[in-house]
Amino acid sequence: MLSVAVLISGTGSNLRALLEAADDPGYPARIVAVGADRDASGLAHAAAFDIPSFVVPFRDYASREEWAEQLGHRLDEIQPDLIVLSGLMRLLPASLVARWQPRIINTHPAYLPEFPGAHGVRDALAAGVAQTGASVIVVDDGVDTGPILAQERIPVLPGDTEDILHERIKPVERRLLIEVVRRIATGDIDLSAPPARP
Ligand code: GRF
């Protein structure tokens, strides 16, 4: 059984979907902890599923490195097999990535390598593209540059705002995330030999 720690910053709707999937005894992964960089509303989903949660408030630390050191201590205590960044709106410093690589994955609301970074949905809209997408990737020390584990195209529709488009992307992200975690758990995806980027 694959043990998974999930890190969030926001509402945690993707976390919720993963918790629901993992609640099925037939699903080969378990969520063992949920962490956040702030008092995120999504932590309520962990409580609803009786999953331990913790907060390492980013603003309590003088630097990203000090914050990440504390986060790293918590993760070392938990010793998950896999770390899922599910809307964690912080870059992890290279030292923390190196400690866990390749066992950190991230969901992204765009079809990488298109529109990396914190505003993938906004940037796709601003570019006027006809379609964007959702991706699940392995985290490396770049910004959304790691190997792509799954991705899917999503059309941009007339009248789309950032919120409307993002809400249409998220269900796809959830489905891809649940499937990727399942495939990692069953060994169908080998994180130590991930596919190269196209
Ligand atoms: C997702 O689109 C994630 O990819 C992005 O932030 C969103 C998180 O949404 N970085 P939620 O907190 O799971 O609702």
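The structure we're discussing is the one just above.
Every value quoted in this text rests on a predicted model; they were computed, and no experiment measured them.

Draft legend 1. Expanded view of the site of the ligand. Looking at the ligand, there are 13 residues lining it, with Thr11, Ser13, His166, Lys170 and Glu173 nearest. Within the side chain of Ser13, a nitrogen or oxygen atom sits 2.6 Å from an oxygen atom of the ligand. Contacts to the ligand include Glu173, whose side-chain N or O atom sits 2.4 Å from an oxygen atom. Protein contact buries 90% of the 360 Å² of open area that the ligand shows by itself. When contributions to the shell around the ligand are tallied by element, the ones reaching two or more residues are helix 1 (13-22), strand 5 (104-108) and helix 6 (162-186). Broken down by element, the shell around the ligand gets its largest block of residues, 3 residues, from helix 6. The class makeup of the residues in the shell around the ligand is 2 nonpolar, 9 polar and 2 charged.

Draft legend 2. Representation of the nonpolar core in the model. Grouped together as the largest cluster of nonpolar side chains are 40 residues, with contacts concentrated most on Val4, Ile31, Leu82, Val84, Ile105 and Val181. Sorting the residues of this core by element identifies strand 1 (2-8), helix 1, strand 2 (29-36), helix 2 (43-48), strand 4 (82-85), strand 6 (131-138), strand 7 (148-155) and helix 6 as the ones contributing at least two each. Not counting the four nearest positions on each side in its chain, Ile31 is found in contact with Val4, Val6, Leu18, Leu19, Ala22 and Ile51. Val56, Ile83, Leu85 and Ile104 belong to the second largest nonpolar core, which has 19 residues in total.

Draft legend 3. Layout of the pattern of salt bridges. Tallied over the entire structure, the rule returns 12 salt bridges. The salt bridge involving Arg38 is made with Asp37; its shortest N-O contact spans 3.2 Å. A relative accessible area of 34% places Arg38 in the partly exposed class. A salt bridge links Asp76 to Arg99; the nearest nitrogen and oxygen atoms lie 2.8 Å apart. Pair noted here: Asp76 is in helix 3 (residues 64-78) and Arg99 is in helix 4 (residues 94-100), with a separation of 23 residues, a long-range link. Here Asp76 falls in the partly exposed class, since its relative accessible area comes to 31%. The exposure class of Arg99 is partly exposed, given its relative accessible area of 37%. Bridged by salt links that share partners, the residues Asp37, Arg38 and Arg90 form one connected network.

Reading the values: the criteria
Residues numbered from 1 in each chain as written. Predicted model: local features only at pLDDT ≥ 70, side-chain atom pairs only at ≥ 80, totals over all residues. Heavy atoms only, no water. Near = heavy atom within 4 Å. Polar contact = N/O pair within 3.5 Å; in protein donor to acceptor, adjacent residues only side chain to side chain. Areas by Shrake-Rupley, 256 points an atom, 1.4 Å probe, with all protein chains shown as cover. Helix = DSSP H or I, 4+ residues; strand = E, 2+ residues; numbered from the N terminus. Nonpolar A, V, L, I, M, F, W, Y, C, P; charged D, E, K, R; others polar. Core = buried A, V, L, I, M, F, W, Y, C linked by side-chain atoms within 4.5 Å. Buried < 20%, exposed > 50% of the residue type's maximum accessible area, 1.4 Å probe, protein only. Contact = heavy atoms within 4.5 Å. Salt bridge = Lys/Arg side-chain N within 4 Å of Asp/Glu carboxyl O.

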